[in-house]
Protein chains: 2
Amino acid sequence: MPLAGAAEGLDVARFFLVLAAILVAAKAFGELAERIGQPAVLGELLAGVLLGGSVLGIVPADGMEAELIHVLAELGVLLLLFEIGLETDLKEMFRVGPAALAVAMVGIVVPFAFGVSFWLFAPHASSGSGDPVTAAIFIGATLTATSVGITARVLSDLGRMNTPEARIIIGAAVIDDVLGLVILSVVSGVAAGAVVSFLGIMRTLGVAVGFLVVAVVVGRFLAPRLFDVIVRMRVRYVLVVASIAFALGLAAVAGLAGSALIIGAFAAGLILSGTNQFDTIEHEVRPVASIFAPIFFVSVGSSVNLALLNPSTPAARATLVMAGALILLAVIGKVAAGWAAPWTGFRRLIVGVGMVPRGEVGLIFAEIGRRSGVLGDDVFGAVLLMVMVTTFIAPPTLKALFATPLLEERA
Amino acid sequence: MPLAGAAEGLDVARFFLVLAAILVAAKAFGELAERIGQPAVLGELLAGVLLGGSVLGIVPADGMEAELIHVLAELGVLLLLFEIGLETDLKEMFRVGPAALAVAMVGIVVPFAFGVSFWLFAPHASSGSGDPVTAAIFIGATLTATSVGITARVLSDLGRMNTPEARIIIGAAVIDDVLGLVILSVVSGVAAGAVVSFLGIMRTLGVAVGFLVVAVVVGRFLAPRLFDVIVRMRVRYVLVVASIAFALGLAAVAGLAGSALIIGAFAAGLILSGTNQFDTIEHEVRPVASIFAPIFFVSVGSSVNLALLNPSTPAARATLVMAGALILLAVIGKVAAGWAAPWTGFRRLIVGVGMVPRGEVGLIFAEIGRRSGVLGDDVFGAVLLMVMVTTFIAPPTLKALFATPLLEERA
């Protein structure tokens, strides 16, 4: 309603002001980060902390506005993964496939084992309403997450997208997301007290992997033919609109088939990278992605609760100590994954660190644990701190690692 | 939540599928329209009718999804007006200023007088719960609306944005939007039974005009300096993000100052057309606008209720007859505005027809009338038909007029 400016239940003018503030803060802090030699995404995450509920409270935390920001953020990470898919060389991806799979597997098994053991054998505070085994599984699951969005953006900020390390990290992170979905369905089932069957797990995994394989195989065959027709259409900007509609559609189908939305968007990018028009598509999708991706990173940053860092009470100090232990395990567990494919010659520390940020994926796990009552408030706080710290330390560490001379062997 | 794919209260996957359907239908029907020699926007409006509640029901009519579509549509029309502002030559605009003002004034006074007289003197059906004078004022007000979005898009589709007629139409439509806001506040006051003071009207008008003048004057001075700094920033796509944040911000300020959001976006475009980077800005804003503008046109089309055209009952036939009369008055009243500036030499019929589409502005007026009980269901139906028909006949008529040789004088 351009004339009235206010719809039912939502003040559109106010919402657009929030959106403008998010974009300005993201770019200003991104610039600051770059000026001090850090990836821009770190600045965008910090802009989110500043605009979030624990400081300025500009990014809405609940209600209609929060829901809208959430959808726009989702659109942002979809477009980002779509863009990364477009830039990905499918042949190169296949070449690093086995290594990526190994990295993903180790990066799931080791942190999971760490998390479960920590909770079962170490001294700790309360464990919510559930039994300690369920809580242990949940904490282990949260440690397995990898945020492909954060890592991909860091690699792209650093201009390292075309390194073998980047391909392995992206490949492993995508596999992680597929497996993460399976883990999520298992832990959600456990949290709800359901019996989780091996067959059920295999079915979820089969659908997720099957969707990806079928989409890419069929898509790589059909899409070039389809886009050769679309490019002959007369309406303006038909390529960018058709591509984004394709990415949204495939993301939605992935979601409805029980897989992750961003996997669908990434697959859409992989598919369209095989069209004759992929240069134009990439060129025109980028400005669109550049508007929405910052909303995603600011949104992730805004969920940081700085109050957790305040060690004023003994309980808060206990949470900080628990968080410290979890952070250590989270970092070691993922860095270990860098050494998962001994037959290859990439820089193992870079791959390991690239898998560290838990980002929004970790947040989702933690949130489900909190809501279902499996994680008590103190444990939830510690898990949240682990997610935050792993998300924030990865960008500068990756930057530093790429900048240092080769300390390790490289093929 | 990329992993889960479903947020509270909204199925993100389903929503993205709806979005993909809107984009695909818009482009497919836009292409069809162009192939039969019509402006693409006509196809997008028809795509909206098809996806709307009266046919397929794919575009949601209420609930969270509808609200989201509404915000994205609003974003679309904002970006469209921003783009048009960017393409507008401010000096040329000033040159046609007096003519545009005259066209806008006549295009408001004549349809208003027609509407009021029609309701007070012609035989008609029920008039809702209010008294006939209030209803008459409401119908008159609805007839005054002009949809700058529809008209601007038609002119742009036809490649006629740089004609004197286009400048006058855009100028007059923008003035119409400013005055439309004043009219809206008056009729809303009348509908609520409030006493509307002359002073109050002047204050609303003063704020709306004052905002536009101050924003453009100050902006044209400051923006080039600001963007000369921004362009030196290192983060990628900072120009397009900063420009769109600027447009959103100015739209929001316009809205909060009691003016129309799209006026703020148009002003933002006018302001940034004075920067040294306006070529790059325009180049990068276009793909973004091309994604969201179709959502707006499909959304407008989706509010069409085809059931209104079914003459099965005597009451339905009476509504159709009333609608026919209103459509005649609506067209004649706006076309007459083409002859409002006798001292200029533009093609008067084109300017008049350009002012005809009521679009979403007319919808807003009619909806307020219905909700406040001033307009009965039958009258509301007739007014809605008038809005629909004026919106749909303008694009092909403008196309035909531009294509015909000059039947009238032109300077």
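Cut-offs and rules
- Residues numbered from 1 in each chain as written.
- Chains lettered and ligands numbered in written order.
- Predicted model: local features only at pLDDT ≥ 70, side-chain atom pairs only at ≥ 80, totals over all residues.
- Heavy atoms only, no water.
- Contact = heavy atoms within 4.5 Å.
- Buried area = accessible area lost by both parts, 1.4 Å probe.
- Salt bridge = Lys/Arg side-chain N within 4 Å of Asp/Glu carboxyl O.
- Polar contact = N/O pair within 3.5 Å; in protein donor to acceptor, adjacent residues only side chain to side chain.
- Helix = DSSP H or I, 4+ residues; strand = E, 2+ residues; numbered from the N terminus.
- Core = buried A, V, L, I, M, F, W, Y, C linked by side-chain atoms within 4.5 Å.
- Buried < 20%, exposed > 50% of the residue type's maximum accessible area, 1.4 Å probe, protein only.
- Axes fitted to C-alpha atoms, helices over the stretch in contact; angles between N-to-C directions.
- Parallel < 35°, antiparallel > 145°, perpendicular 65-115°, else oblique.
- Left-handed = near helix turned anticlockwise from the far one by under 90°.
- Nonpolar A, V, L, I, M, F, W, Y, C, P; charged D, E, K, R; others polar.
- Expected span 1.5 Å × (residues − 1).
- Bend = angle between axes of the 7 residues up to and from the residue.
- Phe/Tyr/Trp six-rings, centres within 6.5 Å; stacked < 30°, edge-to-face > 60°.
- Lys NZ or Arg CZ within 6 Å of the ring centre and 35° of its normal.
- Least-squares fit on C-alpha atoms with pLDDT ≥ 70 in both.
- pLDDT = per-residue confidence, 0-100.
- Patch = residues over 30% accessible without salt bridge, like charges linked within 9 Å, V, L, I, M, F, W, Y side chains within 5 Å.
- Areas by Shrake-Rupley, 256 points an atom, 1.4 Å probe, with all protein chains shown as cover.

Peer 1: Talk me through the interface of chain B and chain A; I want residue IDs and the actual numbers.
Peer 2: Contact with chain B, which involves 73 residues of that partner, is made by 73 residues of chain A. Taking both sides of the interface into account, the surface hidden between chain B and chain A amounts to around 6,600 Å²; carbon and sulfur atoms contribute 75%. Here chain B and chain A share 2 salt bridges between them. Viewed at the interface, chain A and chain B are joined by 13 residue pairs in polar contact (both at pLDDT 80 or more). Going through the elements one at a time, α1 (12-35), α3 (64-87), α7 (148-157), α8 (164-191), α10 (238-256), α11 (261-272), α12 (278-302) and α15 (359-371) of chain B are the ones with two or more residues in the side of chain B that touches chain A.

Peer 1: A description of the nonpolar core should follow, citing residues and the corresponding values.
Peer 2: Counting 266 residues, the largest nonpolar core has A:Phe16, A:Phe292, B:Phe16 and B:Phe292 as the members making the most contacts within it. Leave out the neighbours within four places in its chain, and B:Phe292 touches A:Leu75, A:Phe292, B:Leu72, B:Leu75, B:Gly76 and B:Leu79. In this structure, B:Phe138, B:Leu179, B:Val304 and B:Val361 belong to the second largest nonpolar core, which totals 39 residues.

Peer 1: Give me the lowdown on the packing of helix α6 (residues 132-144) of chain B against α15(B), citing residues and values where you can.
Peer 2: All names here are of chain B. For the pair α6 and α15, the least separation of the axes is 8 Å and the interaxial angle reads 165°. With respect to their mutual orientation, α6 and α15 come out roughly antiparallel. Crossing hand, α6 versus α15: right-handed. Contact with α6, carried on its side by Phe138, Ala141 and Thr142, involves Gly362, Phe365, Ala366, Ile368 and Gly369 of α15 and no other residues of that element. Its residues assigned to classes, the contact of α6 with α15 shows 5 nonpolar, 3 polar and no charged.

Peer 1: I'd like to hear about the environment of A:Pro396, residue by residue, with values.
Peer 2: Residues and elements named next belong to chain A. Position of Pro396 relative to the elements: it lies in helix α15 (residues 377-403). Pro396 gets classed as partly exposed once you look at its relative accessible area, which sits at 24%. The spacing of Pro396 and Gln38 is 358 residues in sequence and 5.9 Å in space, taken between C-alpha atoms. In contact with Pro396, not counting residues within four places along its chain, are Gln38, Pro39 and Leu42.

Peer 1: Pulling in residues and values, what's your account of helix α4 (residues 90-121) of chain A?
Peer 2: Over its 32 residues, α4(A) runs 44 Å from end to end, which matches the ideal 46 Å to within 8%, given 1.5 Å per residue. Of all the bends in α4(A), the greatest, near 55°, is centred on A:Gly97, and the proline A:Pro98 appears no more than four residues after it.

Peer 1: Residues and numbers for helix α13 (residues 314-337) of chain B, please.
Peer 2: All names here are of chain B. Over its 24 residues, α13 extends 35 Å from the first C-alpha to the last, a length consistent with the 34 Å expected when each residue adds 1.5 Å. Burial in α13 covers these residues: Ala316, Thr319, Met322, Ala323, Leu326, Ile327, Leu329, Ala330, Gly333, Lys334, Val335 and Ala337. Sitting at the amino-terminal end of α13 is Thr313, which places a side-chain oxygen 3.0 Å from the backbone nitrogen of Ala316.

Peer 1: Could you give an account of the side chain of A:Thr142, naming the residues involved and the relevant values?
Peer 2: Residues and elements named next belong to chain A. Assignment of secondary structure puts Thr142 in helix α5 (residues 132-144). Classification of Thr142 by relative accessible area gives buried; the value is 0%. A distance of 2.8 Å separates the side chain of Thr142 from the backbone oxygen of Phe138, its partner in a polar contact. In this view, Thr142 contacts Arg358, Gly362, Phe365, Ala366, Val383, Met386 and Val387; residues no more than four positions away in its chain are not counted.

Peer 1: Residues and numbers for the packing of aromatic side chains, please.
Peer 2: Under the definition given, this model contains 9 aromatic pairs over all chains. Look at B:Phe15 and B:Phe16: their rings are 6.1 Å apart centre to centre, the planes differ by 50°, and that puts the pair in the tilted class. Classification of B:Phe15 by relative accessible area gives buried; the value is 0%. Judged by relative accessible area, B:Phe16 falls into the buried class, the value being 0%. Seen from the ring of A:Phe221, A:Arg225 lies directly overhead, with NZ or CZ sitting 4.1 Å from the centre. The ring of B:Phe346 has B:Arg348 sitting right over it, with the charged end atom 5.4 Å from the ring centre.

Peer 1: Outline the environment of B:Ala330, supporting the account with residue identities and numerical values.
Peer 2: Residues and elements named next belong to chain B. Position of Ala330 relative to the elements: it lies in helix α13. Along the sequence, Ala330 and Gly115 sit 215 residues apart, while their C-alpha atoms lie 8.2 Å from each other. When sequence neighbours within four positions are dropped, the list of residues in contact with Ala330 reads Leu143, Arg358, Met386 and Thr390.

Peer 1: Give me the lowdown on the relation of the copies chain B and chain A, citing residues and values where you can.
Peer 2: Superposing chain B onto chain A takes a rotation of 180° combined with a translation of 0.0 Å along the rotation axis, leaving an RMSD of 0.0 Å. The operation mapping one copy onto its partner corresponds to a two-fold rotation axis. Within chain B, the C-alpha atom positioned nearest to the axis of rotation is that of B:Val288, 2.5 Å from it.

Peer 1: So what's going on with the confidence of the model for chain A? Which residues, and what values?
Peer 2: With 93% of its residues at a pLDDT of at least 70, chain A reaches an overall mean of 84. Here residues 1-8 of chain A is a poorly scored stretch, pLDDT under 50, and it has 30 contacts once near neighbours within four places are set aside; other chains count.

Peer 1: Please give an account of a nonpolar patch on the surface that cites residues and values.
Peer 2: Residues and elements named next belong to chain A. Nonpolar side chains collect at one region of the surface, where Val209, Val213, Val214, Val217, Val218, Phe221 and Leu222 lie side by side and expose about 620 Å² of accessible area between them. Locating Val209 in the fold gives a position in helix α8 (residues 198-230). Relative accessible area serves as the criterion here: at 40%, Val209 is assigned to the partly exposed category.

Peer 1: Before we move on, could you go through the pattern of salt bridges and cite the residues and values that matter?
Peer 2: A full pass over the atoms with the stated rule returns 18 salt bridges over all chains. Here A:Glu87 and A:Arg286 are joined by a salt bridge, their closest N and O atoms 2.9 Å apart. A residue pair is termed long-range when its members are at least 10 positions apart, and A:Glu87 in helix α3 (residues 64-87) and A:Arg286 in helix α11 (residues 278-302) qualify at 199 residues. Residue A:Arg286 is classed as partly exposed on the basis of its relative accessible area, which comes to 28%. Linking B:Glu282 and B:Arg286 is a salt bridge whose minimum nitrogen-to-oxygen distance equals 3.0 Å. One end of the pair is B:Glu282 and the other is B:Arg286, both in helix α12 and 4 residues apart, which spans about a single turn.

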